[in-house]
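As a plain string of letters, each chain reads:
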Amino acid sequence: MPSKQSSDSSDYEEESSKAVTKTKGSVYITFNPKTPMKYIEFQPGLLFFSVTVLKHAIIDYVVEHKRDIWFAKNDLQRVQAKCKETCSWYLYASKIDVDGTFQMSSQPVEGTSGSNKTAMKKQNASQP
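So, here's what we can say about the structure. The structure presented is a predicted model; accordingly, all values stated were derived computationally and were not measured. (Residues numbered from 1 in each chain as written. Predicted model: local features only at pLDDT ≥ 70, side-chain atom pairs only at ≥ 80, totals over all residues. Heavy atoms only, no water.)

As for the pattern of salt bridges
Pairing between side chains becomes possible if they bear opposite charge and their charged atoms approach one another. Here is the rule: Here a salt bridge means any side-chain nitrogen of Lys or Arg lying within 4 Å of a carboxyl oxygen belonging to Asp or Glu. Only protein chains enter the accessibility calculation, which uses a 1.4 Å probe; a residue is then buried when its area is under 20% of its type maximum, exposed when over 50%, and partly exposed in between.
The full count for this structure, using the stated rule, is one salt bridge. As a salt-bridge pair, Arg78 and Asp75 come within 3.1 Å of each other at their nearest N and O atoms. The class for Arg78 is partly exposed, based on a relative accessible area of 34%. Since its relative accessible area comes to 30%, Asp75 is described here as partly exposed.

A short note on the packing of aromatic side chains
Formally: A pair of aromatic rings is counted whenever rings of Phe, Tyr or Trp (Trp by its six-membered ring) have centres within 6.5 Å, and the orientation is called stacked for planes under 30 degrees apart, edge-to-face for over 60 and tilted otherwise. By definition, any uninterrupted DSSP run of H or I lasting at least four residues is a helix, any uninterrupted run of E lasting at least two residues is a strand, and each is numbered from the N terminus.
Scanning all chains against the criterion turns up four aromatic pairs. Seen from their ring centres, Phe42 and Tyr61 are 4.5 Å apart, and the 40 degrees between their planes marks the pair as tilted. Of this pair, Phe42 sits in the loop between β2 (26-30) and β3 (47-48) while Tyr61 sits in helix α2 (residues 51-64), and the two are 19 residues apart along the sequence. Each member of the pair, Phe42 as well as Tyr61, is classed as buried. An aromatic cluster of at least three residues, connected via ring pairs, comprises Phe31, Phe42, Phe48, Tyr61 and Trp89.

By themselves, these figures tell us nothing about what the structure is for.
In structure tokens:
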């Protein structure tokens, strides 16, 4: 029987970004770094394999959504990212397991930011 293939982006989103993990009776979604950032929705409970994966995801997200952020807390136990200027966007995640897994505990609040210095820095760093 031939497999059904679809080019619909919602199919891609459902299949690739929704790895499910059960922890202590709860079900959480695990972040997949291969999923394009335009399909990612940060939400409380989202799991990240490591602090490095989490920080790269935040940076890619703010570049995609044109935010200028800074890391208010940035260590091996917790990460807090906040909007630098007038927007109210923020994200908080902390380490939940000895294997280095991080979990988001706050919902990013959407706001608007006039500039995107983070995106410009990333773009300049990638140029030779």
